[in-house]
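For reference, the chains in residue letters:
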Amino acid sequence: ETSSLLLAGQESAWKRILTHPFVTRTSAGTLPRARFDRWLTEDYFFVLAFRAFLRELSTIAPDDAAREVLAGGLAALEPELALFEAEAAERGLDLAVEPSLLNLGYSSYLLASVHAGWPVGITVLYAVEKAYYDAWASVRDTTGPDTPYAGFVANWSSPEFAAYVEQLAGLVDREQPAAELTLAFDRVVRFELAFWDLVQG
Ligand code: MP5
């Protein structure tokens, strides 16, 4: 299946996603506060861009089944953005700070991928969400409830999010493997690792 082939092609990078120090330290509660703050503001910008990407991608979804899956993803973004806003308010963070060039590049790539058509766009969406699910699910069972960032770990490792990512895999599996899909998937993996390297500083 296309989704499994894409993942299999990224085996070593995927291991780095699952064991990235940003993820393991967030889970353990040992990430310095300033690093998490940096991630929070960068990722807020990313999620806003991601919502614009999802809306655009929905307009080229091939059928109602695909549109419904994406609508579910869009709906889940509202409580997620509220979580970021509440956390930022509590920490006194300005969410309107200028994002890094890396973040601008990643966010712009999401939107650009829609113009390459549905197969590339849905592959990008799958890669973004699968990376987050796998990373946060890998630390879910070792994250204590008192860890300051437990709400964020829970957000991306919940059974609901797992089911959504499986639905996305199903949409990718309708597509034939193709070089342009491999390239898009690989780009997202590189962006994800670079994003964490950046905020982990
Ligand atoms: C996600 C994210 C998950 N929040 N940030 C990055 C850098 N990659 C992936 O996307 P979402 O929209 O929060 O589920």
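As a starting point, this report considers the structure included with it. (Residues numbered from 1 in each chain as written. Predicted model: local features only at pLDDT ≥ 70, side-chain atom pairs only at ≥ 80, totals over all residues. Heavy atoms only, no water.)

1. Some words on the overall build of the protein
In step 1: Looking only at helices and strands, the protein has 10 helices and 0 strands in total.
In step 2: For the protein, the sequential pattern of α-helices and β-strands runs α-α-α-α-α-α-α-α-α-α.
In step 3: Scaling as 2.2 N^0.38, a compact globule of 201 residues should have a C-alpha radius of gyration of about 17 Å, and the protein matches this with 16 Å.
In step 4: Dimensions of the protein, computed from C-alpha atoms along their principal axes, come out at roughly 45 × 30 × 30 Å.
In step 5: For the protein, buried positions account for 51% of its 201 residues.
In step 6: Long-range contacts, defined as pairs at least 24 residues apart, comprise 84% of the intrachain contacts of the protein with a sequence gap of at least 6.
In step 7: A total of about 9000 Å² of accessible surface is found on the protein, and carbon and sulfur atoms cover 56% of it. (Helix = DSSP H or I, 4+ residues; strand = E, 2+ residues; numbered from the N terminus. Rg over C-alpha atoms; globule rule 2.2 N^0.38 Å. Buried < 20%, exposed > 50% of the residue type's maximum accessible area, 1.4 Å probe, protein only. Contact = heavy atoms within 4.5 Å. Areas by Shrake-Rupley, 256 points an atom, 1.4 Å probe, with all protein chains shown as cover.)

2. Thoughts on the site of the ligand
In step 1: Near the ligand you find 13 residues, and of these D43, F50, E80, E129 and E192 are the closest.
In step 2: A distance of 2.7 Å is found between a nitrogen atom of the ligand and a side-chain nitrogen or oxygen belonging to D43.
In step 3: Within the side chain of E192, an N or O atom sits 2.6 Å from a nitrogen atom of the ligand.
In step 4: Protein contacts shield 99% of the accessible area of the ligand, which totals 360 Å² for the unbound molecule.
In step 5: When residues of the shell around the ligand are traced back to their parent elements, those giving at least two are α4 (33–59), α5 (64–91), α7 (118–140) and α10 (179–200).
In step 6: At 4 residues, the largest contribution of residues to the shell around the ligand is made by α4. (Near = heavy atom within 4 Å. Polar contact = N/O pair within 3.5 Å; in protein donor to acceptor, adjacent residues only side chain to side chain.)

3. Notes on the pattern of salt bridges
In step 1: A full pass over the atoms with the stated rule returns 9 salt bridges.
In step 2: The shortest N-O distance in the salt bridge between R91 and D37 comes to 2.4 Å. Within this pair, whereas R91 is found in helix α5, its partner D37 is found in helix α4, the two being separated by 54 residues in sequence.
In step 3: Via salt bridges that share partners, D37, E87 and R91 belong to a single interconnected network. (Salt bridge = Lys/Arg side-chain N within 4 Å of Asp/Glu carboxyl O.)

4. Here we look at the nonpolar core
In step 1: Membership of the largest hydrophobic core comes to 68 residues, with the highest contact counts inside it found for W39, F50, L70, V124, L125, W136 and W196.
In step 2: When residues in this core are grouped by element, the largest group, 15 residues, is from α7.
In step 3: For W196, the residues in contact, after removing those within four places along its chain, are I17, H20, F22, V23, W39, Y132, A135 and W136. (Core = buried A, V, L, I, M, F, W, Y, C linked by side-chain atoms within 4.5 Å.)

5. Some thoughts on the packing of helix α2 (residues 11–18) against α10
In step 1: At their nearest, the axes of α2 and α10 sit 10 Å apart, and the two run at 30° to each other. As far as their axial angle goes, α10 and α2 are roughly parallel. Considering only the axes of α2 and α10, their crossing is left-handed. Mapping the contact onto sequence places A13, W14, R16 and I17 in α2 and F185, V189, E192, L193, W196 and D197 in α10.
In step 2: Class assignment for the residues of the contact of α2 with α10 results in 7 nonpolar, no polar and 3 charged. (Axes fitted to C-alpha atoms, helices over the stretch in contact; angles between N-to-C directions. Parallel < 35°, antiparallel > 145°, perpendicular 65-115°, else oblique. Left-handed = near helix turned anticlockwise from the far one by under 90°. Nonpolar A, V, L, I, M, F, W, Y, C, P; charged D, E, K, R; others polar.)

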